[in-house]
Amino acid sequence: TAAASAPCTNAAGAQAQVGAVWNQAQTTLGVPLIKAPAATLCYVNTTKYKKSGPYTIAFASQGPTNSWASSSDAYVRYVAQQDHVKLDYASANGSAATQVSNVQDLLSEKPNLLIVQPLSSGVQAELHRAAEQNIPVVVCTGELPNTNDITATVNRSYALQGTIFAQWIVKELGGKGEIAMISGIAGAPTAEDQYQAALAFFKTYPGIKIMTHQYDNWSETQAKTVAASILVQYPNLKAIWSDSSFTDVGVAQAYTAAGKAIPYVTGDSSNAFLRVAKQYNMKFALSAYPPEQCGQAVGVAVRILQGKSVLNQVP
């Protein structure tokens with residue numbers, strides 16, 4: 001049976017709030033403004049989930065597989081402590097299959113709410129089971145398609161992130177040149193949705209030639225290996241579109257080791273990359289993908305359990 005979604009209102013207000021985020025990001029990068037894509041946005045009435053505290057919130061984490069993910073987990077624990085929330089934590093260690101099993105175990109403990117940091121859509125069936133049990137679900141740093149089972153998603157827009165990086169590359173290259181694309185974990189929404197958004201934008205500029213698309217599991221070491229192979233196969237690359245500063249560090253290491261000029265790069269921001277970029281005077285475009293998002297999801301979760309309305313898509 002289909003889980004009943006909570007009443008959703010004021011779609012125009014929600015769309016306007018998300019549109020403002022798009023405009024701010026594009027203005028900051030100095031690229032032409034394009035309208036945020038149409039989406040199902042609204043404010044969710046959560047009165048059916050209202051209950052007295054203290055609250056127990058389950059968190060199905062992707063796991064501390066890199067420094068970003070470790071920071072994410074640490075902030076979740078901090079916010080839970082500040083909000084006097086009992087946190088049931090499970091790490092998937094980067095495995096989508098493990099995460100499905102983790103969610104099953106977490107739901108068996110009957111938490112007041114479930115937060116998921118999805119590694120794949122394979123977790124969908126378990127989220128539907130949660131919704132049938134009237135356990136609200138909040139997704140963070142990821143997107144899943146069936147919003148009827150999800151009360152709210154806290155996430156930087158992948159469509160925005162992938163598109164503005166593509167816009168910047170097109171602007172810098174004057175609409176033509178050879179590029180490569182490197183994504184994180186194959187199958188993970190964080191990687192695939194950004195890639196598809198960028199690909200859709202690049203297709204409107206036939207002068208941009210995408211020579212290859214590869215994955216590096218958001219690992220600096222793997223990124224260096226991938227980039228070292230790419231620079232040999234495609235020596236005329238002008239830019240590398242990526243979704244991560246981990247990739248950018250690996251690219252910088254590979255190109256400098258080979259004595260080659262580093263192409264333009266894109267990705268999220270990190271202190272490690274900014275130091276490398278300054279050292280090698282790199283040309284880049286970064287946009288924050290803050291690890292605090294899952295901590296923000298804890299705050300959204302508390303509002304839900306207090307019966308207060310929340311945005312279904314928190315930018």
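Everything below is about the structure shown above.
Residues numbered from 1 in each chain as written. Predicted model: local features only at pLDDT ≥ 70, side-chain atom pairs only at ≥ 80, totals over all residues. Heavy atoms only, no water.

## Regarding the packing of aromatic side chains
So, point 1. Scanning all chains against the criterion turns up five aromatic pairs.
So, point 2. An angle of 50° between the planes, with centres 6.0 Å apart, marks the rings of F59 and Y89 as tilted. Of this pair, F59 sits in strand 3 (residues 56-61) while Y89 sits in strand 4 (residues 86-91), and the two are 30 residues apart along the sequence.
So, point 3. Residue classification places F59 among the buried residues on the basis of a relative accessible area of 1%.
So, point 4. Plain terms: the ring middles of F273 and F284 are 5.2 Å apart, the flat faces sit at 85° to each other, and that makes the pair edge-to-face. Residue F273 is found in helix 9 (residues 271-280), and its partner F284 is found in strand 12 (residues 284-286); the two are separated by eleven residues along the sequence.
So, point 5. Overall, the relative accessible area of 0% leaves F273 in the buried class.
So, point 6. Given the relative accessible area of 30%, F284 is considered partly exposed.
So, point 7. For R77, the ring lying beneath its charged end belongs to Y89, and the centroid distance is 4.3 Å. (Phe/Tyr/Trp six-rings, centres within 6.5 Å; stacked < 30°, edge-to-face > 60°. Helix = DSSP H or I, 4+ residues; strand = E, 2+ residues; numbered from the N terminus. Buried < 20%, exposed > 50% of the residue type's maximum accessible area, 1.4 Å probe, protein only. Lys NZ or Arg CZ within 6 Å of the ring centre and 35° of its normal.)

## Focus on the nonpolar core
So, point 1. Of all hydrophobic cores here, the largest spans 26 residues; its most connected members are L113 and I115.
So, point 2. Secondary structure elements with two or more residues in this core: strand 3, helix 2 (67-82), strand 5 (113-116), strand 6 (137-140), strand 7 (152-154), helix 10 (293-305) and strand 13 (310-311).
So, point 3. Counting residues per element, this core draws most heavily on helix 10, which supplies eight residues.
So, point 4. With near-sequence residues (within four places) excluded, I115 lies in contact with I57, A58, F59, A60, V138, C140, A297, V298 and A301. (Core = buried A, V, L, I, M, F, W, Y, C linked by side-chain atoms within 4.5 Å. Contact = heavy atoms within 4.5 Å.)

## Some details on the side chain of S120
So, point 1. Mapped onto the secondary structure, S120 falls in the loop between strand 5 and helix 4 (124-132).
So, point 2. Using a relative accessible area of 17% as the deciding quantity, one classes S120 as buried.
So, point 3. In this structure the side chain of S120 is engaged in a polar contact, spanning 3.0 Å, whose partner is the backbone nitrogen of G122.
So, point 4. Each residue touching S120, except ones within four places of it in the same chain, is listed here: A96, Q99, L144, G187 and P189. (Polar contact = N/O pair within 3.5 Å; in protein donor to acceptor, adjacent residues only side chain to side chain.)

## Details of the environment of A97
So, point 1. By secondary structure assignment, the location of A97 is in helix 3 (residues 96-108).
So, point 2. Overall, the relative accessible area of 59% leaves A97 in the exposed class.
So, point 3. Taking C-alpha positions, A97 is 17 Å from V139, a pair spaced 42 residues apart along the chain.

## Observations concerning the sheet that holds strand 4
By way of backbone hydrogen bonds, the strands of a sheet pair with one another, either parallel or antiparallel.
So, point 1. With parallel pairing, six strands are arranged side by side in an open sheet as 4-3-5-6-7-14. In the strand order of this sheet, the two ends are held by strand 4 and strand 14 (313-314), each with one partner.
So, point 2. Sheet topology places strand 7 next to strand 14; two bridges connect them, and they run parallel. If you follow T153 over to strand 14, its bridge partner there is Q313.
So, point 3. The strands that helix 2 touches are strand 3 and strand 4; relative to strand 4, the one it contacts most, it runs at about 165°. (Pairing = 2+ DSSP bridges. Axes fitted to C-alpha atoms, helices over the stretch in contact; angles between N-to-C directions.)

So yeah, pure geometry; function would need other evidence.
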